[in-house]
Structures are given as structure tokens and as C-alpha cells.
Amino acid sequence: MPKQKHNFRMHSRDKEVLKTMARTGYITQAQATSYIGVGKDRLDTLEKQGLAKREHYILEGKQSYAFRLTNTGREWVKQNDATINHFYRPASVPHDLQLTEILLSKFSPEQRQFVLTERDIQKEYQWDAKYDKRQMSPPDMVIKEHYITIGQEVVFVPMQVIEITTDNYGNAEREMKETFIREIMLIEKVEEVLTYVKTRF
């Protein structure tokens, strides 16, 4: 792993930014600031340290950018965080940023350890598209059932499944995801767990 520059100390919020990019691919400056408390200067520092890299993309004719992990950043996560089992395989920047929005806005840092994205889901359910020729594919995100403590009370949180859609997302794609949930995850009432979210990025 390339050496980090002198006088750099990794903070807990920096770690949360790196873990987020490992889980969902990308994070914007606005997301990092709003949900994690990491501002532009700190993101610039992570970039200068070789841990993160900005990537430009075009949305509705306007250029913007988001941050993703570098190879050095991936190595840091591998060596320092046991909760990340598989790195997210990017789809598109707008799609992945919507996943990031859901992860950070809906779930606390403690709950995020229960979040599975596509490669985690394949491993969790021991599914490989190379050997299963049925017309199906895993959803974008699964939040495993878990318990959280709110005040004095322990609360059960049921499983949730989330699929990101775009303008080009059709019935065939929906059927492939719902088939996977029924036949591989063994959930008969798909509508009770599955939520479709259209990307706004």
C-alpha cells in the first residue's frame, strides 16, 4: 500500500466516508457533509492522501462529480474494517448515489453493518449467475432483519429490500428482481419487503 503523507490522522468520520464508498460505490460532497459531517476540505485531504478520487459525470446536461475509493482506499478498508466483506460493483454514478442516499439517510452507522449490496447478496444466498440460468438477478440492497435500541426499548426491524430504478427500468427488470426474491431469498410476499426507489441524481 502506498504510504500516506506525514501529519495525516484518520478520524472516525473519515472511516465512515471510506466505508460508505466501499458499500455503495460513490458519495457526493453534499452527502458526506449532511450525513457524516465531512466537508469539502476533508474530502480534498482524503483525495490528496490517495484514498479517494473524484469522478465527473453528466446529469441532465450538467457536469457534477462524486468521490469513489482508489485502490489505496480499498486496501485501507480491507485491512481496517471487518464489516466490509465485498466491495460494491459500480452500476452508474446516478444509480449508485441513490443507493448512498438511502444508506446514509435511512440507517444509522450501527444499522449499516446489516446492509447487503449485490455481491454480498450473492454470497449470502450462495447464488451465482454462471450456474443458474433462470431469468433473475439480485436486488440492489437488502437490509437484514435486526434489533436496535431506542431509549430503553429494544425494537425489531424487519428485512427490507430496495431496488433503484431509472427512466429505462421496465417490467422485465422488475420481474427478474422479484423472481430472485421469491425463488432464492424464499420470500413469497415480495410486496411486503420490496421497495422501488427512482434515482433523483
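None of the values given here were measured: they were computed from a predicted structure. (Residues numbered from 1 in each chain as written. Predicted model: local features only at pLDDT ≥ 70, side-chain atom pairs only at ≥ 80, totals over all residues. Heavy atoms only, no water.)

Novice: Just checking my understanding: could you explain the overall build of the protein for this structure?
Specialist: Assigned secondary structure in the protein consists of seven helices and eight strands. Relative to the 2.2 N^0.38 estimate, which gives 17 Å for 201 residues, the radius of gyration of the protein is 18 Å and therefore close to what a compact globule would have. Here the C-alpha coordinates of the protein stretch approximately 55 × 50 × 30 Å along the principal axes. For the protein, the residues scored as buried account for 45% of the 201 residues in total. (Helix = DSSP H or I, 4+ residues; strand = E, 2+ residues; numbered from the N terminus. Rg over C-alpha atoms; globule rule 2.2 N^0.38 Å. Buried < 20%, exposed > 50% of the residue type's maximum accessible area, 1.4 Å probe, protein only.)

Novice: Could you clarify how one ought to interpret helix H1 (residues 12-24) in this entry?
Specialist: At 3.6 residues per turn, the α-helix brings residues three or four places apart onto the same side. Between its first and last C-alpha, H1 extends 18 Å over 13 residues, near the 18 Å set by a 1.5 Å rise per residue. Burial analysis of H1 places ten of its 13 residues in the buried class, the great majority of the element. Those residues of H1 that sit buried are Asp14, Glu16, Val17, Leu18, Lys19, Thr20, Met21, Ala22, Arg23 and Thr24. (Expected span 1.5 Å × (residues − 1).)

Novice: Quick question: what am I supposed to make of the pattern of salt bridges here?
Specialist: Opposite charge on two side chains allows them to pair when their charged atoms are near. Considering all chains together, one arrives at 15 salt bridges under this definition. As a salt-bridge pair, Arg134 and Glu183 come within 2.8 Å of each other at their nearest N and O atoms. Separated by 49 residues along the polypeptide, Arg134 in the loop between helix H6 (118-124) and strand E4 (141-143) and Glu183 in helix H7 (residues 171-183) bring together distant segments of the chain. On the accessibility criterion, Glu183 (40% relative accessible area) is partly exposed. (Salt bridge = Lys/Arg side-chain N within 4 Å of Asp/Glu carboxyl O.)

Novice: Help me understand the packing of aromatic side chains, please; the structure alone is not making it clear to me.
Specialist: Each pair of aromatic rings is reported with the distance of its centres and the angle of its planes. This structure, assessed with the given rule, holds four aromatic pairs. Relative to Tyr196, the ring of Tyr169 lies with its centre 6.2 Å away and its plane at 65°, an arrangement referred to as edge-to-face. Residue Tyr169 is located in the loop between strand E7 (160-165) and H7, and its partner Tyr196 is located in strand E8 (residues 194-198); the two are separated by 27 residues in the primary sequence. Against the face of Tyr65 rests Arg54, its NZ or CZ located 4.7 Å from the ring centre. A cation over a ring is seen here: Arg74 above Phe87, with NZ or CZ 4.3 Å from the ring centre. (Phe/Tyr/Trp six-rings, centres within 6.5 Å; stacked < 30°, edge-to-face > 60°. Lys NZ or Arg CZ within 6 Å of the ring centre and 35° of its normal.)

Novice: So what exactly am I meant to see when it comes to a nonpolar patch on the surface here?
Specialist: Together, Tyr147, Val154 and Phe156 give the surface a local cluster of nonpolar side chains, amounting to about 340 Å² of exposed area. Turning to its location among the elements, Tyr147 is positioned in strand E5 (residues 146-150). Judged by relative accessible area, which is 57%, Tyr147 ranks as exposed. (Patch = residues over 30% accessible without salt bridge, like charges linked within 9 Å, V, L, I, M, F, W, Y side chains within 5 Å. Areas by Shrake-Rupley, 256 points an atom, 1.4 Å probe, with all protein chains shown as cover.)

Novice: Would you take a moment to explain helix H2 (residues 29-36) for this structure?
Specialist: Every buried residue of H2 is listed here: Gln31, Ala32 and Ile36. Down the axis, H2 shows its buried residues gathered within 100° of arc, on one side only. Facing away from the buried side of H2, by more than 90 degrees, are the exposed residues Ala30 and Ser34. Buried residues along H2 sit against H1, helix H3 (40-48) and helix H5 (93-106). (Arc of directions from axis to C-beta. Contact = heavy atoms within 4.5 Å.)

Novice: How should the environment of Ala91 be read in this particular structure?
Specialist: Structurally, Ala91 can be placed in the loop between helix H4 (71-80) and H5. Distance from Ala91 to Gly25, taken between C-alpha atoms, is 8.6 Å for residues 66 residues apart in sequence.

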